[in-house]
Structures are given as C-alpha cells and as structure tokens.
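# Structural characterization, general
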Amino acid sequence: MFESPFAMREKDFAAIQVIIDGLVEETGARGVLVIDRVGQLLSRTGRMEEFDTTSLASLAAGCVAATGGLARLLGEDDFPSHFHQGESGSLYISRVDERGILIVFFDRASSLGLVRLRARKGSAALAHVFEEAQKENEARVSPDHSAFANITDEEIDNLFSD
Amino acid sequence: MSFINYAAREINCKIVYYGPGLCGKTTNLQYVYQKTNPDLKGKMISLATETERTLFFDFLPLALGEIRGFKARFHLYTVPGQVFYDASRKLILKGVDGAVFVADSQPAREEANIESLENLQSNLVEHGLELSSLPWVMQYNKRDLPDAMPVEEMRKLLNPTGVPEFSACATSGEGVFETLKGVAKGVLSSLRKLGV
C-alpha cells in the first residue's frame, strides 16, 4: 500500500514557528530546524541563513535513521536523541514522535544541559502540533477537498516542458 | 510519503534509485545534477567511500516547476548497491514515494539485477509497502555496451508486469531525464488517485 501524503496548513506552521522561536530565545541557540523523518525541511528559525538547510535536513534524517538502526541492533527501540559536539558549534537532534525531528544548532553562548532541557519541552509541544495535523489529514482525505484530485495528464507533462 | 506544505504552497516527494552495485545509480543523479539549471537544484550530497562507492546515500534536491500553484520539489536518493549494505538500503526506503530500478544490461549482472529487485521488494514489505502499489519505473542502463543483453530478455526477467521502462546510458545521459520524468509522473498521478 502506498502511504498517504501528509499535509500541513498555515496554522500548523504558525504553531511550529512559535515553538521554535521560543526555543531559540530560551536557549540562546544559533538556530532551530524542524524536519520530517524523510528529511524534508518543515520550518527553521535563528541565524541559519549561511547554511544549506536542505542538505542539513536530509543528512540529519539519515543520521536519525542510522542511529535508530543501531539502537534496534542493540535491542533498544530507539536512541531518541543524540548530540554532535564540534569545536565551536554543536548539534542536538531529537525525535518528535514518529513524524518529525528537532535540530538545535548552538555554540558557546548556550549549553548542552539547557538545550536538552528546553528541547524536551519543545519536542512534546511539536508532537502535539503533528498529532493535530494528522487528525485533520485523516478527516480531509476525500476527493472533494483535494487540491490534486483533478490534475490532468497535460498539467503533469507541463512540469517537464523545457 | 509525500509532504504537502500548504503554507509555502509546496509539494515534496522522495524518489529512490535502486539497483545492484555499480549499475549506475549515482551516475544518473550526477547527470541530472550537471544538466539542471542551477536555480532549480540544490547541492548534491554523496556519502561515498574513498573509492567512490556509495556508502550511505546520494541526495539531490530538485524543483521541477509548479502544478496547481504548488512548487513540485523532488528529493532524489540513491541507495548503496553493494549487498552488505542492506541495513542502509532499508533506512533510505523510509517514506519513499516513487522508485527507479536501474538494471545493469551486462549479461554478467543478470543475477545481481534479479537479486536486487527481490531485495527492493522485501525491503519495501518491511516498511509496510508493496512494489506493486508503489509508482516505479525500470531503467535498462549501459545500453551502449556491445554485449548488452537484449531488452526483451531483461523485460521478461525484471519487468513482467510492464511498468514504464527506459533504455539508458547514464554516462552519456541518454534516457536519464526520460526515466526521471517517468517516475515523477507516476508519483504525481498517484497523488491524483489518492486525492489529498
């Protein structure tokens, strides 16, 4: 069976933005990203302009997938969070329910303990947003409300016109 | 699992290039990367060994254009083809929306092609998916080789159900974009059927 698409609306993004803006403010982190488990960037905040966040999202999702694989090999369900320490910048990555991943990029202006503490709270709040979006998705999956149900072959072909 | 962002008016889909070791999966992505307008592509990431064999995955984000006012973004991934990287292949299939099976046309790789296709099927099952319900296409690669197996023979072995198929030579680029268009079309058509 092909998996149903997951749709998020403006209000979901607004709710995510409030959570991650708060996380940056509370921790002094340089930036925060929320991505899905497949590696698609959902939202970001902070001073992340200089970074390629599309690649960052894909690699972080790969990292979470590989870490989860390691956990299962060792008889654990998952290692839900992990930490990568650099010389000046560090990454804290944690799973948000089954759908999302929270990434906090911080430097010496913050600390791992503070980031971990606040990220735990942020993850729980994000999980709630995902859950609500999921409920709406389930209620909405009906051709009558679809943005894509009536796409024609011609429209698909036009995407590829050079 | 495709992701529809109604706030940014974007639709994101994940396409995975699968196939036996050295069949040309990375070469497909490299060609797409080289020939795509810089405005439409992101950076190509290759997690490879020192000998240029894929270790975890290659990743290439592409923006194809707009459909119904939504930007269509495709994330292309390859899997490592070598048999012993099976755990990594399983992980990369998570959330796949469409697949390209890159078959190697050399007669010596006949068995490896079959094994890899069976491996794709069994790894999809672990994600609760079935190949028969996933949009996917077959690419017969390395058609330029003098000893390439006849396409009819490869079809009988690898594509008995008749999914869209393409002959290619990924090093010269022949058939590469046709393959990509084929799978992208399959993915978008499946969204239409699901009606989100």
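All figures in this text were calculated on a predicted structure; none of them were measured in a lab.

## Focus: the overall build of chain A
Secondary structure assignment for chain A yields 4 helices and 6 strands. In chain A, the succession of α and β elements from N to C terminus is β-α-β-β-α-β-β-β-α-α. Overall, chain A is about 55 × 40 × 35 Å in size when its C-alpha atoms are taken along their principal axes. Here chain A displays about 8,100 Å² of accessible surface, and carbon together with sulfur accounts for 51% of that area. In chain A, 16 positive and 27 negative side-chain charges are present, and the distance between their average locations comes to 10 Å.

## Thoughts on the packing of helix 1 (residues 10-27) of chain A against helix 3 (residues 112-140) of chain A
Residue and element names in this part refer to chain A. One way to put it is that helix 1 packs onto helix 3 with a least axis distance of 10 Å and a crossing angle of 175°. Here helix 1 lies roughly antiparallel to helix 3, going by the angle between them. Counted together, K11, D12, A15, I16, I19, L23, E26 and T27 of helix 1 and L114, V115, R118, A119, K121, G122, A125, L126, V129, A133 and E136 of helix 3 form the full contact between these two elements.

## Overview of a negative patch on the surface
Residue and element names in this part refer to chain B. On the surface, E110, E111, E115, E118, E152 and E153 cluster together to form a negatively charged patch. Secondary structure elements with two or more residues in the negative patch: helix 3 (110-126) and helix 4 (151-158). With 4 residues, the top contributor of residues to the negative patch is helix 3. By the element assignment, E152 lies in helix 4.

## Here we look at helix 3 of chain B
Residue and element names in this part refer to chain B. Relative to the 24 Å expected for 17 residues at 1.5 Å per residue, helix 3 spans 25 Å between its end C-alpha atoms, a close match to the ideal helical length. All of the buried residues along helix 3 are A112, N113, S116, L117, N119, L120, N123 and L124. Buried residues of helix 3, seen end-on, are gathered within an arc of 160° and therefore sit on one face of the element. Turned more than 90 degrees off the buried face of helix 3, the exposed positions are E111, V125 and E126. Packed against the buried residues of helix 3 are strand 2 (10-18), helix 2 (86-92), strand 6 (98-104), strand 7 (136-141) and helix 4. Phi turns positive, to about 75°, at G128, one or two residues after helix 3.

## Some remarks on the nonpolar core
Counting residues in each nonpolar core, the largest one holds 37 residues, and the members touching the most others are I11, I15, Y17, I67, F74 and L76 of chain B. Those elements that place two or more of their residues in this core are helix 4 (153-159) of chain A together with strand 2, helix 1 (25-35), strand 4 (54-67), strand 5 (70-78), strand 6 and helix 5 (176-194) of chain B. Here this core takes 7 residues from helix 5 of chain B, the largest share from any one element. Leave out the neighbours within four places in its chain, and I11 of chain B touches F148 of chain A together with F3, I4, F70, K71, A72, R73 and L191 of chain B. Core analysis: the second largest hydrophobic core is formed by 30 residues, A65 of chain A together with A103, L120 and L129 of chain B among them.

## Some details on the packing of aromatic side chains
Under the counting rule described, the total for this entry stands at 9 aromatic pairs over all chains. Here the aromatic rings of Y31 of chain B and F177 of chain B are separated by 6.1 Å at their centres, their planes lie at 65°, and the arrangement is edge-to-face. Residue Y31 of chain B is located in helix 1, and its partner F177 of chain B is located in helix 5; the two are separated by 146 residues in the primary sequence. Residue F177 of chain B is classed as partly exposed on the basis of its relative accessible area of 26%. When the ring of F57 of chain B is compared with that of Y77 of chain B, the centres are 5.4 Å apart and the planes differ by 65°; the resulting orientation is edge-to-face. Highlighted residues: F57 of chain B in strand 4 and Y77 of chain B in strand 5, separated in sequence by 20 residues. Note on Y77 of chain B: relative accessible area 3%, which makes it buried. Chaining the aromatic ring pairs together yields one cluster made of F56, F57, F59 and Y77 of chain B. Over the face of the ring belonging to F6 of chain A we find R99 of chain A, whose NZ or CZ atom lies 4.0 Å from the ring centre. The ring of Y33 of chain B carries the charged tip of K41 of chain B above its face, separated from the ring centre by 4.1 Å.

## Things to note about the pattern of salt bridges
Overall, the coordinates contain 14 salt bridges over all chains when judged by the stated rule. A salt bridge links K11 of chain A to E136 of chain A; the nearest nitrogen and oxygen atoms lie 2.5 Å apart. Residue K11 of chain A is located in helix 1, and its partner E136 of chain A is located in helix 3; the two are separated by 125 residues in the primary sequence. Residue K11 of chain A is classed as partly exposed on the basis of its relative accessible area, which comes to 48%. One salt bridge in this structure joins R155 of chain B and E165 of chain B, with 2.6 Å as the shortest N-O distance.

## Re the packing of helix 3 of chain B against helix 4 of chain B
Residue and element names in this part refer to chain B. For the pair helix 3 and helix 4, interaxial distance at closest approach is 10 Å and the crossing angle is 35°. Two packed elements cross with a definite hand, and for helix 3 against helix 4 that hand is right-handed. For the pair helix 3 and helix 4, contact is made by E110, N113, I114 and L117 and by M154, L157 and L158, respectively.

## Some details on the interface of chain A and chain B
Chain A puts 45 residues into the contact, and the matching count from chain B is 49 residues. Summed over both sides, the interface between chain A and chain B buries roughly 4,500 Å², with carbon and sulfur atoms accounting for 65% of that surface. Counting the contacts that link chain A with chain B gives 1 salt bridge. For E155 of chain A, the salt bridge is made with R68 of chain B, and the minimal N-O distance between the two is 2.9 Å. Run the count over chain A and chain B and you get 6 residue pairs in polar contact (both at pLDDT 80 or more). Of all elements in the fold, only strand 1 (6-8), helix 1, helix 2 (53-73) and helix 4 of chain A reach the threshold of two or more residues within the side of chain A that touches chain B. Broken down by element, the residue count for the side of chain A that touches chain B peaks at 8 residues, all from helix 2 of chain A.

Conventions and cut-offs
Residues numbered from 1 in each chain as written. Chains lettered and ligands numbered in written order. Predicted model: local features only at pLDDT ≥ 70, side-chain atom pairs only at ≥ 80, totals over all residues. Heavy atoms only, no water. Helix = DSSP H or I, 4+ residues; strand = E, 2+ residues; numbered from the N terminus. Areas by Shrake-Rupley, 256 points an atom, 1.4 Å probe, with all protein chains shown as cover. Lys, Arg positive; Asp, Glu negative; His and termini not counted. Charge placed at Lys NZ, Arg CZ, Asp CG, Glu CD. Axes fitted to C-alpha atoms, helices over the stretch in contact; angles between N-to-C directions. Parallel < 35°, antiparallel > 145°, perpendicular 65-115°, else oblique. Contact = heavy atoms within 4.5 Å. Patch = residues over 30% accessible without salt bridge, like charges linked within 9 Å, V, L, I, M, F, W, Y side chains within 5 Å. Salt bridge = Lys/Arg side-chain N within 4 Å of Asp/Glu carboxyl O. Expected span 1.5 Å × (residues − 1). Buried < 20%, exposed > 50% of the residue type's maximum accessible area, 1.4 Å probe, protein only. Arc of directions from axis to C-beta. Core = buried A, V, L, I, M, F, W, Y, C linked by side-chain atoms within 4.5 Å. Phe/Tyr/Trp six-rings, centres within 6.5 Å; stacked < 30°, edge-to-face > 60°. Lys NZ or Arg CZ within 6 Å of the ring centre and 35° of its normal. Left-handed = near helix turned anticlockwise from the far one by under 90°. Buried area = accessible area lost by both parts, 1.4 Å probe. Polar contact = N/O pair within 3.5 Å; in protein donor to acceptor, adjacent residues only side chain to side chain.

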